[in-house]
Amino acid sequence: MDYTTQLVFGVGPYLSGTVFILGSILRYERGQYTWRTMSSQILHNTRVYRVGNILFHAGILALFFGHLIGLLTPKAVLDAIGISPPAKQLLAMIAGGIFGLVCLVGILIILWRRLFVTAVRINSAPMDTFIILLLALQLLTGLYTITVSVHHLDGALVIQLAEWAQHIVTFRSDAWQYMVGVPWPYRLHVFLGLIMFAAFPFSRLVHIWSWPWQYLLRPYQIVRSR
């Protein structure tokens, strides 16, 4: 069991991260035509879909930055600003639950559209459906961890997971040891996250790299005068 834990949570993040970075670079260099969202709105663009799309993107962005800040903020910083481990655990449960449900509603709408709207299904690549299913499963496991967190309100578990993430990003070989004894829903949630990062370069998710930041800097363009 310890060997499997070391392989998945000690070596796995670096394998996943390598595929994520190198795969994205190669995709950009060799697959410029596919570097886009491959939007299917022209095939099916209803009000329900637009609502689902907004819910999904709002939820996923909040969850991403919430995980990023929650996992990579050192305990010393939290102590300095007065956030105790139990408070961090409670905040993670409330915020994660709210934004997780928002994102789940959105992705279920998107998944229904992808599977049951004929025009969209015919024009979808297998990876499109796979990545949506993977995201949905990731959300479900994340929401399920809240039921486990109820029994760990002392905050020790959330600190343990943060220690694992911080040891990974600082390239410490003992990072995997922080996943020993962690309840299986959390381990599954993290494992699915590693798969998602590895699948990222081969999916339409690469459009995340192309933030339209130029729009914030360019001068106004007058399209039509009064």
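Anyway, here's the lowdown on the structure attached to this text. Note that residues are indexed from 1 along each chain, following the sequence as it is written. With the structure being a predicted model, the display of local features is reserved for residues of pLDDT at least 70 and the display and counting of side-chain atom pairs for 80 or more, all residues being used for whole-chain, interface and lining totals. Hydrogens and water molecules were not included; the side-chain quantities draw on all heavy atoms of the structure.

A closer look at the side chain of Ser16
Secondary structure follows DSSP: runs of H or I at least 4 residues long count as helices, runs of E at least 2 residues long count as strands, and numbering of each begins at the N terminus. Checked against the element boundaries, Ser16 lands in helix H1 (residues 2-30). Whether a residue is buried, partly exposed or exposed follows from its accessible area with a 1.4 Å probe, protein chains only, as a fraction of its type maximum: under 20%, in between, or over 50%, in that order. Given a relative accessible area of 6%, Ser16 falls into the buried group. Here Leu194 takes part through its backbone oxygen, which lies 2.6 Å from a polar atom of the side chain of Ser16. Here, residues are in contact when the closest pair of their heavy atoms is within 4.5 Å. Beyond its immediate chain neighbours, meaning those up to four positions away, Ser16 contacts Leu194, Phe197 and Ala198. Two N or O atoms count as a polar contact when they lie within 3.5 Å, although within protein this holds only if one can serve as hydrogen donor and the other as acceptor, and sequence-adjacent residues are included solely when both atoms are side-chain atoms.

Considering the packing of aromatic side chains
Put simply, two rings from Phe, Tyr or Trp (the six-membered ring, in Trp's case) pair if the centres are within 6.5 Å, and we call them stacked under 30 degrees between planes, edge-to-face over 60, tilted for the rest. On inspection of all chains with the given rule, the structure shows eight aromatic pairs. Ring plane angle 85 degrees and centroid distance 6.4 Å describe the contact between Phe9 and Trp164, whose orientation is recorded as edge-to-face. In this pair, Phe9 sits in helix H1 while Trp164 sits in helix H7 (residues 156-169), placing the two residues 155 residues apart along the sequence. Taken individually, Phe9 and Trp164 each receive the classification buried, so the pair is uniform in this respect.

Observations regarding the packing of helix H2 (residues 47-72) against helix H4 (residues 85-116)
For helices, the fitted line uses only the C-alpha atoms of the stretch in contact; every axis is such a line through C-alpha atoms, and the angle between N-to-C directions lies from 0 to 180 degrees. It is at 7 Å that the axes of H2 and H4 come closest, and there the two elements cross at 150 degrees. Relative to H4, H2 is oriented so that their crossing is left-handed. Here H2 contributes Val48, Tyr49, Gly52, Asn53, Leu55, Phe56, Gly59, Ile60, Ala62, Leu63 and Gly70 to the contact with H4, which in turn contributes Lys88, Gly96, Phe99, Gly100, Val102, Cys103, Val105, Gly106, Ile107, Ile109, Ile110 and Arg113. Throughout, the ten residues Ala, Val, Leu, Ile, Met, Phe, Trp, Tyr, Cys and Pro are labelled nonpolar, Asp, Glu, Lys and Arg are labelled charged, and all others, Gly among them, are labelled polar. Grouping the amino acids of the contact of H2 with H4 by side-chain chemistry returns 14 nonpolar, seven polar and two charged. Handedness of a crossing is defined here by the sense of rotation of the near helix relative to the far one, left-handed for an anticlockwise turn of less than a right angle and right-handed for a clockwise turn.

Digging into the pattern of salt bridges
We count a salt bridge whenever a side-chain nitrogen from Lys or Arg sits within 4 Å of a carboxyl oxygen from Asp or Glu. What the rule picks out here adds up to two salt bridges. The shortest N-O distance in the salt bridge between Asp79 and Lys75 comes to 3.0 Å. Placement of both Asp79 and Lys75 in helix H3 (residues 75-80) is noted, with a separation of four residues, approximately one turn of the helix. Residue Lys75 is classed as partly exposed on the basis of its relative accessible area, which comes to 33%. The residue Arg204 makes a salt bridge to Asp128 at a minimum N-O spacing of 3.0 Å. Here Arg204 is found in the segment after helix H8 (184-199), whereas its partner Asp128 is found in helix H6 (residues 126-149), with 76 residues between them in sequence. The class of Asp128 is buried, set by a relative accessible area of 6%.

Describing the nonpolar core
One finds Phe56, Ile107, Ile131, Ile132 and Leu139 to be the most contacted residues of the largest nonpolar core, which totals 22 residues. Residue assignment for this core shows that the elements contributing at least two residues are H2, H4, H6 and H8. At seven residues, the largest contribution of residues to this core is made by H6. Once you skip the residues sitting within four places of it in the chain, Ile131 turns out to touch Ala199, Ser203 and Leu205. Joining through side-chain atoms within 4.5 Å is the link that ties buried Ala, Val, Leu, Ile, Met, Phe, Trp, Tyr and Cys residues into a set, and such a set is a nonpolar core.

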